Amino acid sequence: MTTVISDTYPILLADEPCQNEQQYLKAQGTSPLMESLESVRWIILHCSATRADRPYPVEQLLRDHRARGFRTIGYHFYIRRDGTVTRHRRLLEVGAHCRPYNRCSIGLCYEGGLDVQGHPADTRTPEQRKALQQLLIRLHALFPAARITGHRDLPGTEPKACPCFNARREYSWIETLP
Ligand SMILES: [Zn+2]
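Residues numbered from 1 in each chain as written. Predicted model: local features only at pLDDT ≥ 70, side-chain atom pairs only at ≥ 80, totals over all residues. Heavy atoms only, no water.

Moving on, we come to the coordination of the zinc ion. Looking at the zinc ion, the protein donor atoms are H46 (ND1), H151 (ND1) and C162 (SG), and they sit 2.0 to 2.3 Å from it. Its relative accessible area of 6% is what places H151 among the buried residues. C162 gets classed as buried once you look at its relative accessible area, which sits at 11%. (Donors = N, O, S within 2.8 Å, 3.2 Å for Na, K, Ca; no water. Buried < 20%, exposed > 50% of the residue type's maximum accessible area, 1.4 Å probe, protein only.)

With 17 residues, helix α3 (residues 126-142) extends 25 Å between its outermost C-alpha atoms, agreeing within 8% with the 24 Å of an ideal straight helix rising 1.5 Å per residue. Those residues of α3 not exposed but buried are Q128, A131, L132, L135, L136, L139 and H140. Looking straight down α3, one finds that the buried residues subtend no more than 160° of arc, so they occupy a single side. Among the exposed residues of α3, those oriented more than 90 degrees off its buried face are P126, K130, R138 and A141. (Helix = DSSP H or I, 4+ residues; strand = E, 2+ residues; numbered from the N terminus. Expected span 1.5 Å × (residues − 1). Arc of directions from axis to C-beta.)

The subject of this paragraph is the nonpolar core. Counting residues in each nonpolar core, the largest one holds 25 residues, and the members touching the most others are L45, I106, L108, L136, L139 and Y171. Looking at this core, the elements that each hand over two or more residues are β3 (42-47), β5 (77-79), β7 (105-110), α3 and α4 (167-171). With five residues, the single largest contributor to this core is α3. Excluding residues that lie within four positions of it along the chain, I106 makes contacts with M34, V40, W42, I43, I44, H76, F77, L91, H97, L139 and F143. Counting residues in hydrophobic clusters, the runner-up holds seven residues, among them Y56, V58, L61 and C109. (Core = buried A, V, L, I, M, F, W, Y, C linked by side-chain atoms within 4.5 Å. Contact = heavy atoms within 4.5 Å.)

Another point: the packing of aromatic side chains. Counted by the stated rule, this structure contains four aromatic pairs. Arranged with centres 6.1 Å apart and planes meeting at 85°, the rings of W42 and Y101 form a pair that is edge-to-face. Of this pair, W42 sits in strand β3 while Y101 sits in the loop between β6 (85-87) and β7, placing them 59 residues apart in sequence. Summarising the burial analysis for this pair, W42 and Y101 share the class buried. A ring pair is formed by Y110 and F165, whose centres lie 6.0 Å apart and whose planes are at 50°; its orientation type is tilted. With a gap of 55 residues between them, Y110 in strand β7 and F165 in the loop between β9 (147-150) and α4 connect regions that are remote in the sequence. Across the pair, F165 and Y110 agree in class, each one buried. (Phe/Tyr/Trp six-rings, centres within 6.5 Å; stacked < 30°, edge-to-face > 60°.)

The following block contains the structure:
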């Protein structure tokens, strides 16, 4: 079973440290794009693992992901507490949110996931729930074979809470839409 590795550079690639995402893609000799619509097997939900009472704006997320060696924000979409959705990678662009699933998934992240004490919690606002559902319905229409899943539910994921709710229970009905 493969272990999901946190996407933070430098990483070791065949014993050689790989400093950032750019270098990683180059070393792999692969395109920064997924091959086709059929390549997308998973739509993966994440939380930003930030406290619900502390704003975590796009600019900060970008700084944090650049500091981890990413070209830009690793998720395809980010959903703020007010329901604002921003896109950070093109749909078939390989993300940086869940190795080794990056070449076969779309990554979504909502702002929050920790309560005011800093414990994992489903902190989604009604606006976020609405935006998330709309986005998932649209994405599922584009990628009908993809399964909607929470980060923590992927095979090989080390015990973790992300996205702090049961994504299968909540959203698997979308997969049955015509
Ligand atoms: Zn996650």
